[in-house]
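A structural walkthrough
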Amino acid sequence: MDPKTRQWLDREMKDFAAVIREFHEKVNRMMYLWMAASVIGLTALGFYVSGDFHTVLTIHLPIGCGFALFIWLCFLIQNKTSSGKKIRAAYEKALAETFPTEKDQAVFASRMESGRYGKLNFMNTATDRYPCRLVAGPDYLIFFRDLNCRFIRVADIGSIYAQEEKSRIRLRTGDHRVIQDLTMGISLIVEYKCGSDSYEKKMRESLYLENGKQWIQAMELIRRYCPNSEKFMAESEMVTR
């Protein structure tokens, strides 16, 4: 890896480390809430069902504590298997794929030295093991989620728009079957210009976000830090899949 690119990556990981700590703190708070809910909920259920203190003390309370212990173990395993080394490895892999030569990497690092870019961190603690991160600048977009990192050249972008991600569920109510589409999230679709270097490798990128609020924040960040964003933004366009 080019030395300047390595220095940039060191700075990025140092900055990201504080975000990861905040993410783990939020996950731990959620863990304690679920543990408390298990103990209190099973105890309350015991009083509601039997009303006998001895039965609650010997059956329902131990079951609630067992659920709480199981929750603690699940979160402990998640925290132990999550590490900054895996995040760095994902960045290094994406850098090598997007900028295969040291010359390409040197150009990237020199552009990033200006510091004229903004960052967004999404704490999707209910679904992700790591923070989701979007970096936007005049030359590059960087998107990281669940150990999947993408580097996008702004000059290669033809258009950006939002796409609703839907999942179809089937329910049976009596003798009737109901089919319903549920919105699972929103993807930020990046279409590359035909003929660009990025287009030759991949026609488009799909950056998955949790909801419309995150999409709006992402679009605002890109609009603020990418001076030419009005050329490729189609903010009013929403495609449903």
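Residues numbered from 1 in each chain as written. Predicted model: local features only at pLDDT ≥ 70, side-chain atom pairs only at ≥ 80, totals over all residues. Heavy atoms only, no water.

Thoughts on the nonpolar core
As a reminder of what qualifies: Put simply, a nonpolar core is a bunch of buried Ala, Val, Leu, Ile, Met, Phe, Trp, Tyr and Cys residues held in one set by side-chain atoms that sit within 4.5 Å of each other. In this scheme, a residue with accessible area under 20% of its type's maximum is buried, one over 50% is exposed, and one in between is partly exposed, where area comes from a 1.4 Å probe on protein chains only. Helical segments are the DSSP runs of H or I of at least four residues, strand segments are the runs of E of at least two, and each set is numbered from the N terminus. Only heavy atoms enter the contact rule, under which two residues are in contact if any of them lie within 4.5 Å.
Formed by 26 residues in total, the largest nonpolar core has its most connected members in Leu141, Ile160, Leu188 and Ile222. Listed by contribution, the elements that provide at least two residues to this core are β1 (118-122), β2 (132-136), β3 (140-145), β5 (157-173), β6 (176-192), β7 (204-209) and α6 (212-225). Among the elements that line this core, the one with the most residues is α6, at 5 residues. Excluding anything up to four places from it in sequence, Leu141 contacts Val135, Ala136, Arg150, Phe151, Ile152, Val154, Ile157, Ile160, Ile222 and Cys226.

Some remarks on the environment of Arg204
Operational definition: In protein, a polar contact requires one atom able to donate a hydrogen and another able to accept it; more generally it is a pair of N or O atoms within 3.5 Å, and residues adjacent in sequence count only if both atoms are side-chain atoms.
Along the chain, Arg204 turns up in strand β7. Along the primary structure Arg204 and Tyr192 are separated by 12 residues, whereas in three dimensions their C-alpha atoms are 5.6 Å apart. Those residues in contact with Arg204 that sit more than four places away from it in its chain are Tyr161, Gln163, Ile189, Val190, Glu191 and Tyr192. Within the local environment of Arg204, its side chain forms a polar contact with the side chain of Tyr161, the two groups lying 3.4 Å apart.

Re α6
Put simply, the rule reads: To estimate the expected span of a helix, count its residues, drop one, and scale the result by 1.5 Å. To be clear, the arc concerns the directions from the helix axis to the C-beta atoms.
When the terminal C-alpha atoms of α6 are compared, their 20 Å separation across 14 residues agrees well with the 20 Å that a helix rising 1.5 Å per residue should span. The set of residues buried in α6 consists of Gln214, Trp215, Ala218, Met219, Leu221 and Ile222. For α6, the angular spread of buried residues about the axis comes to 160°, placing them on one side. Structural note: α6 exposes Lys213 and Arg224 on the side pointing more than 90 degrees away from its buried face. With a side-chain oxygen positioned 3.2 Å from the backbone nitrogen of Lys213, the residue opening α6 is Asn211.

Focus on the sheet that holds β1
Keep this limit in mind: Strand pairing requires that DSSP identify at least two bridges connecting the strands. Axes here mean lines fitted to C-alpha atoms, for a helix over just the part in contact, with angles spanning 0 to 180 degrees between N-to-C directions.
Reading across the sheet, the 4 strands line up as β1-β2-β3-β4 and stay open at both edges, with antiparallel pairing between neighbours. In this open sheet, the two edge strands, each paired with only one partner strand, are β1 and β4 (148-153). Mean inter-strand twist for the sheet, computed between neighbouring axes without regard to direction, equals 10°. Where β1 lies against β2, 5 bridges are found, and the strand directions are antiparallel. By the bridge assignment for β2, Phe122 is matched with Cys132. The sheet strands contacting α6 are β1, β2 and β3, and the helix crosses β1 at an angle near 170°.

A closer look at the packing of aromatic side chains
Quick note on the threshold: A pair of Phe, Tyr and Trp rings is counted when the ring centres sit within 6.5 Å of each other, with Trp represented by its six-membered ring. The angle between the planes then sorts it: under 30 degrees is stacked, over 60 is edge-to-face, the rest tilted. The criterion for a charge sitting over a ring is simple: Lys NZ or Arg CZ within 6 Å of the ring centre, and within 35 degrees of the ring normal.
Evaluation of the coordinates by the stated rule reveals 12 aromatic pairs. When the ring of Phe99 is compared with that of Phe151, the centres are 6.0 Å apart and the planes differ by 75°; the resulting orientation is edge-to-face. Here Phe151 lies in strand β4 and Phe99 lies in the loop between α3 (84-98) and α4 (102-112), a separation of 52 residues in the sequence. When its relative accessible area of 5% is taken as the criterion, Phe151 is described as buried. In this structure an aromatic cluster arises from ring pairing among Trp8, Phe16, Tyr91, Phe99, Phe108, Tyr140, Phe144 and Phe151. Against the face of Phe16 rests Arg133, its NZ or CZ located 4.7 Å from the ring centre.

Remarks on helix α1 (residues 3-49)
The first and last C-alpha atoms of α1 sit 67 Å apart over 47 residues, in line with the 69 Å expected at 1.5 Å per residue. Capping the start of α1 is the job of one residue whose side-chain oxygen sits 3.1 Å from the backbone nitrogen of Lys4: Asp2.

As for unusual backbone geometry
Here the phi dihedral of Asp146 falls at roughly 50°; this positive angle occurs in a residue that is not glycine. Tracing the sequence through the fold places Asp146 in the loop between β3 and β4. According to the relative accessible area criterion, Asp146 is partly exposed, its value standing at 39%. The backbone of Leu147 sits at a positive phi, close to 60°, despite the residue not being glycine. Here Leu147 lies in the loop between β3 and β4.

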